[in-house]
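Structural overview
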Amino acid sequence: MGVNQRLLIHDRPRLVTRLAELPREPGVYFMKDDRDRILYIGKSKSLRSRVRSYFRPFQGQSNKPIGEQLHSPRLELMVRQVAEIEFIVTDTESEALALEANLIRQHQPHFNTLLKDDKKYPYLCITWSEDYPRLFITRKRKLSQPGDRYYGPYTDARALRETLRLVKRLFPLRQRPKPLFRDRPCLNYDIGRCPGVCQGLITPANYRQTVQKVAMVFQGRSGELMEQLQQQMIAAAEELNFELAAQLRDRLRGLEQLGADRKVELPNDRVSRDAIALATSDRHACIQLFQIRAGRLVGRLGFVAEIPAPTTTAPITSESRSPVVTEAIAPAATEVAAETESAIPPVMAPAIAPSVLGRILQQALEEHYSTVESVEIPAEILVQYELPDGPWLADWLSERRGRKVAIETPQRQLKADLIALVARNADYELARTQRSSDRNQAALQDLADLLDLPDLPRWIECYDISHIQGSDAVASRVVFVDGLPAKQHYRHYKIRNPEIGPGHSDDFASLAETIRRRFRDYQPRSAPNAALSVLGGRERQTQDWPDLVVIDGGKGQLSAVVAVLRDLDLLDELRVVSLAKKHEEIFLPEESQPLRTDPEQPGVQLVRRLRDEAHRFAVSFHRQKRTERMRRSRLEEIPGLGHHRQKQLLAHFRSIDYIREATPTQLQEVPGVGPRLAQQIYEYFHPSDLTGTVS
């Protein structure tokens, strides 16, 4: 489809044709805009009925005026931008559900009610794509390697770190991403913390068996693992292998210690269940999911989701959301939330219909269970609100699990109490998040007042330069959105100015080059065709246009940037300031004196945090480039050794020292290095051997 195709609501014949082409079968549909970008992905058991419902008011087929209140203001805005509709037919509704979840994660459409990629909740990653999988904690979930497995997100980062520390002490696991030594294992092998992965002292198959046991801990299957270890310990003792039996005993005790601090107790049954509830504010919903296995709480997961635009506002707490609120499941259960329920601050949230809240919960469950293994799906799922497609979701989960999965909305007794407890924890998490958001809003408001900005600076960019006397000069751009780091928008710049190099630095020219490269594709509003909202091939009024630009430096650095923006005719459209390090002074363009500020006021502290982050990001990239240059420098002097072979040598031997110690035969183990090149490399590092041979 070509760019700038006419919108469907303005092209009635084509709209009628597209709707008539839709089949009455289950599947997934795509809404695309006039630039072929996916706006929305949805599923339905009847594609024609579902998609037609979006356009009925625009065709005059509803009781409401044309275009009025189409589902929600958010979806109405989406429909007004649709230029094309595409679909994929599936055999069953369950297949459509699974396909929709995968496509939403892949494309991240703007108008889907998606779980936000919230960096405050960490994951535990196991890299099954590697021969010897690693375990590590991360706050950024990457799906580039299909074999890798992420567990979480966990609400308690401290408890997750403690669990991983204990697991690494109980089970011999790979401790380092790269070997410390080339020809021998490190101390972790000697003390039994590592099985000697770096030297191949354990086969990948045997090592993966150990990691599979560790994975059971994060799957909530600690009880099943303990039963296996108990049987193995008894068998080892009967075979008089008391050393192995003692190791298994210690692991059992460690796993018992791991579960000793779980606070929620349920009747000791064998039913595995998850309980999910949420708390809402005017913009977001905090979702909590409790994992209950064999009557014990084994995990708490947290999510954040967007909610529709508010209609009316009313205080919503766990009492108003949960059908039944009684005492906690057990006396210790209150420790998960807080000492008393009266401590929960009421959150002013929109009076959202239960059907909408149920849809948010269903979206969270769909995205969560589409990423877990089948053994992690529980037999029972308790939800706070009725799900719009509950039977459909239950069938899909049952098919994945291989056994029946029940989804219930409890109304009384212990299960309702459990939902009330989860909702109360969601209240606390929402209140904590809201306090942090309020502090950021106060800082943004103070900064707007300080700089006399017309609106709050929600998108702020900061630039810094890093080098050592001109060598390896780089620049950084960091972005804060609503007062918080948005690392997906961070950027590095390699300074290309040929006059900047070792012995000759120029921060003014480096900043000028960086700012020019950042904004050169934009044109001023006064330019011809500016009203089309497409300037120089880049969209205007999009989220990447900053409300404020901060430069790390004083009046000189600011003047260099102002000259570039004036040359681009963008100075009147961008607010730019600089922050000098010495006295933490803020300078404005064309002003010789800094602003009179208090270094401790919220707005100035926000700018300082932004400046410090830009400095950190620039310095880390400079160090990386400098290290790469130093590692490459000696190899570049070897005749016949190109850049690709240099990378292969470093990947194989890990360091220049190991390359120097290698024999010609060992050098030939590197792909592409033949006998002649291996001899040249060896002779380069051992000129004395060559001299002795000649003489």
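Description of the structure in this document. Predicted model, so just to flag it, every value in this text is computed and none were measured. (Residues numbered from 1 in each chain as written. Predicted model: local features only at pLDDT ≥ 70, side-chain atom pairs only at ≥ 80, totals over all residues. Heavy atoms only, no water.)

1. Looking at the packing of helix α12 (residues 354–369) against helix α13 (residues 390–401)
Relative orientation of the contacting elements α12 and α13 amounts to 10°, with a least axis distance of 12 Å. In terms of orientation, α12 lies roughly parallel with respect to α13. α13 is crossed by α12, and the crossing has left-handed handedness. Along the contact surface, α12 presents Q362, L365, E366 and Y369, while α13 presents G390, L393, W396, L397 and R400. (Axes fitted to C-alpha atoms, helices over the stretch in contact; angles between N-to-C directions. Helix = DSSP H or I, 4+ residues; strand = E, 2+ residues; numbered from the N terminus. Parallel < 35°, antiparallel > 145°, perpendicular 65-115°, else oblique. Left-handed = near helix turned anticlockwise from the far one by under 90°. Contact = heavy atoms within 4.5 Å.)

2. Regarding the sheet that holds strand β3 (residues 84–89)
Pairing in this open sheet of three strands is antiparallel, and the strands run β2-β1-β3 from one edge to the other. Either end of the sheet is taken by a strand with one partner, and the two such strands are β2 (38–44) and β3. Each neighbouring strand pair of the sheet contributes to a mean axis angle of 20°, computed without reference to strand direction. Where strand β1 (residues 27–32) and β3 come together, six bridges link them in antiparallel fashion. Paired with F30 across the bridge in β3 is E86. (Pairing = 2+ DSSP bridges.)

3. A few points about the sheet that holds strand β4 (residues 123–126)
Here we have three strands laid out as an open sheet, ordered β5-β4-β6, and antiparallel in their pairing. Every other strand in the sheet has two partners, leaving β5 (135–138) and β6 (149–151) as the edge strands with one partner each. Within the sheet, the average angular offset between the axes of one strand and its neighbour, ignoring direction, is 30°. The pairing of β4 with β6 spans three bridges and is classified as antiparallel. Each bridged residue has a counterpart across the sheet, and for L124 the counterpart in β6 is Y151. Running at roughly 170° to β5, helix α5 (residues 157–170) makes contact with β4 and β5 of the sheet.

4. Re the nonpolar core
L124, L135, F218, I287 and L365 are the most contacted members of the largest nonpolar core, which totals 64 residues. Top element by residues in this core is helix α7 (residues 204–218). It accounts for seven residues. Core analysis: the second largest hydrophobic core is formed by 26 residues, Y463, I495, L558 and L565 among them. (Core = buried A, V, L, I, M, F, W, Y, C linked by side-chain atoms within 4.5 Å. Buried < 20%, exposed > 50% of the residue type's maximum accessible area, 1.4 Å probe, protein only.)

5. Quick look at the packing of aromatic side chains
Geometrically, a pair of aromatic rings is defined through the distance of the ring centres and the angle of the planes. If you walk through the whole model with that rule in mind, you get eight aromatic pairs. Consider the rings of F519 and W545, whose centres lie 5.9 Å apart with planes at 80°: the pair is edge-to-face. Of this pair, F519 sits in helix α15 (residues 507–519) while W545 sits in the loop between β19 (538–539) and β20 (548–552), and the two are 26 residues apart along the sequence. With a centroid separation of 5.1 Å and an interplanar angle of 85°, the aromatic rings of Y684 and F685 are classed as edge-to-face. Classification of Y684 as partly exposed rests on a relative accessible area of 23%. With a relative accessible area of 10%, F685 lands in the buried category. Members of the aromatic cluster, connected to one another through ring pairs, are Y29, Y40 and Y54. Over the ring of W392 we find K43; its NZ or CZ atom is 5.5 Å from the centre of that ring. Directly above the ring of F181 sits R184, whose terminal nitrogen or CZ lies 3.7 Å from the centroid. (Phe/Tyr/Trp six-rings, centres within 6.5 Å; stacked < 30°, edge-to-face > 60°. Lys NZ or Arg CZ within 6 Å of the ring centre and 35° of its normal.)

6. Re the side chain of R477
Within the secondary structure, R477 is located in strand β15 (residues 471–481). Buried charged residue R477 carries no salt bridge. Nearest counter-charge: E461, at 4.3 Å. In contact with R477, not counting residues within four places along its chain, are E461, C462, Y463, H489, Y490, R491, Y493, R518 and F617. (Lys, Arg positive; Asp, Glu negative; His and termini not counted. Salt bridge = Lys/Arg side-chain N within 4 Å of Asp/Glu carboxyl O.)

7. Regarding the state of the cysteines
Per the stated rule, a full pass over the model turns up zero disulfides. Not part of a disulfide, C194 finds its nearest cysteine sulfur in C186, a span of 6.0 Å. With no disulfide of its own, C198 has C186 as its nearest cysteine by sulfur position, at a separation of 5.9 Å. Residue classification places C198 among the partly exposed positions, given a relative accessible area of 32%. (Disulfide = S-S within 2.5 Å.)

8. A closer look at unusual backbone geometry
One non-glycine residue, L240, lies in the positive phi region at around 65°. Inspection of the secondary structure puts L240 in the loop between α8 (222–238) and α9 (242–258). For L240, a relative accessible area of 62% corresponds to the exposed category. Phi at Q469 is positive, roughly 50°, even though this residue is not glycine. In this structure, Q469 sits in the loop between β14 (459–468) and β15.

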